[in-house]
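What follows is each chain in one-letter form.
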Amino acid sequence: FVVITSQEEVQGKYVVCVLFIFWNLLDMVRYTYSMLSVIGISYAVLTWLSQTLWMPIYPLCVLAEAFAIYQSLPYFESFGTYSTKLPFDLSIYFPYVLK
């Protein structure tokens, strides 16, 4: 969220939409399964989805997050967001932190 919310140019990228779709897909299945489990209702398909859907989606989320960071690097470099110059010739260059 630091990368996406701090750079308005990154918010319009397709990878951000894909990332939010992955996150929401996992949350819809997980929270629906959890809610129904608490009240004692069990569906085999929902249980299976809850236990197996995260396996392909989590690596895809990691790749989408990495790609979003990669696409945001030029904006962080040009605008200097979160980069600071500290005393005694020390500085924090945020693109290096992201890399």
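Structure shown above.
Rules behind the numbers
Residues numbered from 1 in each chain as written. Predicted model: local features only at pLDDT ≥ 70, side-chain atom pairs only at ≥ 80, totals over all residues. Heavy atoms only, no water. Helix = DSSP H or I, 4+ residues; strand = E, 2+ residues; numbered from the N terminus. Contact = heavy atoms within 4.5 Å. Phe/Tyr/Trp six-rings, centres within 6.5 Å; stacked < 30°, edge-to-face > 60°. Buried < 20%, exposed > 50% of the residue type's maximum accessible area, 1.4 Å probe, protein only. Expected span 1.5 Å × (residues − 1). Bend = angle between axes of the 7 residues up to and from the residue.

K.L.:
Can you break down the side chain of Ser72 residue by residue, with the values?
P.N.:
Mapped onto the secondary structure, Ser72 falls in helix 5 (residues 54–79). Look past the residues within four positions of Ser72 in its chain and what remains in contact with it is Val3, Val10 and Leu98.

K.L.:
Go over the packing of aromatic side chains, please, and point to the residues and values.
P.N.:
If you walk through the whole model with that rule in mind, you get five aromatic pairs. Ring centres 5.4 Å apart and planes at 40° place the aromatic pair Phe1 and Trp23 in the tilted group. With Phe1 in the segment before helix 1 (2–6) and Trp23 in helix 3 (residues 14–38), the pair connects residues that are 22 residues apart, well separated along the chain. Assessed through its relative accessible area of 61%, Phe1 is described here as exposed.

K.L.:
Could you give an account of helix 5, naming the residues involved and the relevant values?
P.N.:
In an α-helix there are 3.6 residues to a turn, and that puts residues three or four apart on one side. The end-to-end C-alpha distance of helix 5 is 36 Å, a good match for the 38 Å that 26 residues give at a rise of 1.5 Å each. The sharpest bend along helix 5 comes to roughly 35°, located at Ser72, with the proline Pro74 sitting one to four residues further on. Looking at helix 5, one finds that the buried residues are Ile57, Cys61, Ala64, Ala68, Ser72, Leu73 and Phe76. Where helix 5 is buried, its residues meet helix 1, helix 2 (8–11), helix 3 and helix 6 (94–98). Phi turns positive one or two residues past the end of helix 5, at Gly80, with a value near 70°.

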